[in-house]
Amino acid sequence: MNMPAVKPIEIKVRNRASMDQCITTAVNRMIECALRQRAHGILVTRLGDGHFVVSLSDSVPFGYTEQFDFRRHSA
């Protein structure tokens, strides 16, 4: 059975309290999707200050959540 693609959740915030709350909410939504598909983990990517993307990822094992700071890998 083919599962529909799950769109990444983009987050833009201005302060730490908002960041923590928004990322937690987005990860919880992705956990629900991951549990249905049972094939992907969750990747939280930091694109910049206060800018994140939370998505399902083939590169993260099911049952895991990993973080990636894009700022450190782009020059």
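Our structure is the block above this text.
Criteria and cut-off values
- Residues numbered from 1 in each chain as written.
- Predicted model: local features only at pLDDT ≥ 70, side-chain atom pairs only at ≥ 80, totals over all residues.
- Heavy atoms only, no water.
- Pairing = 2+ DSSP bridges.
- Helix = DSSP H or I, 4+ residues; strand = E, 2+ residues; numbered from the N terminus.
- Axes fitted to C-alpha atoms, helices over the stretch in contact; angles between N-to-C directions.
- Contact = heavy atoms within 4.5 Å.
- Polar contact = N/O pair within 3.5 Å; in protein donor to acceptor, adjacent residues only side chain to side chain.
- Salt bridge = Lys/Arg side-chain N within 4 Å of Asp/Glu carboxyl O.
- Buried < 20%, exposed > 50% of the residue type's maximum accessible area, 1.4 Å probe, protein only.
- Expected span 1.5 Å × (residues − 1).

Brief notes about the sheet that holds strand β1 (residues 9-12)
Pairing between the strands of a sheet comes from backbone hydrogen bonds, and it takes one of two forms, parallel or antiparallel.
Moving on, step 1. With mixed pairing, the four strands of this open sheet are ordered in space as β1-β3-β2-β4. Looking at strand neighbours, the two that pair on one side only are β1 and β4 (65-69), the edges of this open sheet. This sheet shows a mean twist of 20 degrees between the axes of neighbouring strands, independent of strand direction.
Moving on, step 2. In this sheet, strand β3 (residues 51-57) lies alongside strand β2 (residues 41-48) in antiparallel orientation, the contact comprising seven bridges. Within β3, the residue paired with Ile 42 across the bridge is Leu 56.
Moving on, step 3. Sheet contacts for helix α1 (residues 16-37): β1, β2, β3 and β4; angle to β3, the most-contacted strand, approximately 10 degrees.

Re the side chain of Asp 69
Moving on, step 1. Secondary-structure assignment places Asp 69 in strand β4.
Moving on, step 2. Only 2.9 Å separates the side chain of Asp 69 from the side chain of Arg 71, close enough to count as a polar contact.

Section: the pattern of salt bridges
Moving on, step 1. Counted under the stated rule, the structure contains five salt bridges.
Moving on, step 2. Salt-bridge contacts for Lys 12 lead to Glu 10; the nearest nitrogen and oxygen are separated by 4.0 Å.
Moving on, step 3. For Arg 46, the salt bridge identified is with Asp 49, shortest N-O distance 3.9 Å.
Moving on, step 4. With relative accessibility at 65%, the residue Asp 49 sits in the exposed group.
Moving on, step 5. One salt-bridge network, held together by shared partners, links Arg 46, Asp 49, Asp 69 and Arg 71.

A word on the environment of Met 19
Moving on, step 1. Among the secondary structure elements, Met 19 is positioned in helix α1.
Moving on, step 2. Taking C-alpha positions, Met 19 is 8.8 Å from His 51, a pair spaced 32 residues apart along the chain.
Moving on, step 3. Not counting residues up to four positions away in its chain, the partners in contact with Met 19 are Val 13 and Phe 52.

Observations concerning α1
Moving on, step 1. With 22 residues, α1 ought to run about 32 Å at 1.5 Å a step, and its terminal C-alpha atoms sit 31 Å apart, in line with that.
Moving on, step 2. Where α1 begins, the side chain of Asn 15 points an oxygen toward the backbone nitrogen of Ala 17, at a separation of 3.3 Å.
Moving on, step 3. Looking one or two residues beyond α1, the residue adopting positive phi is Arg 38, at roughly 55 degrees.

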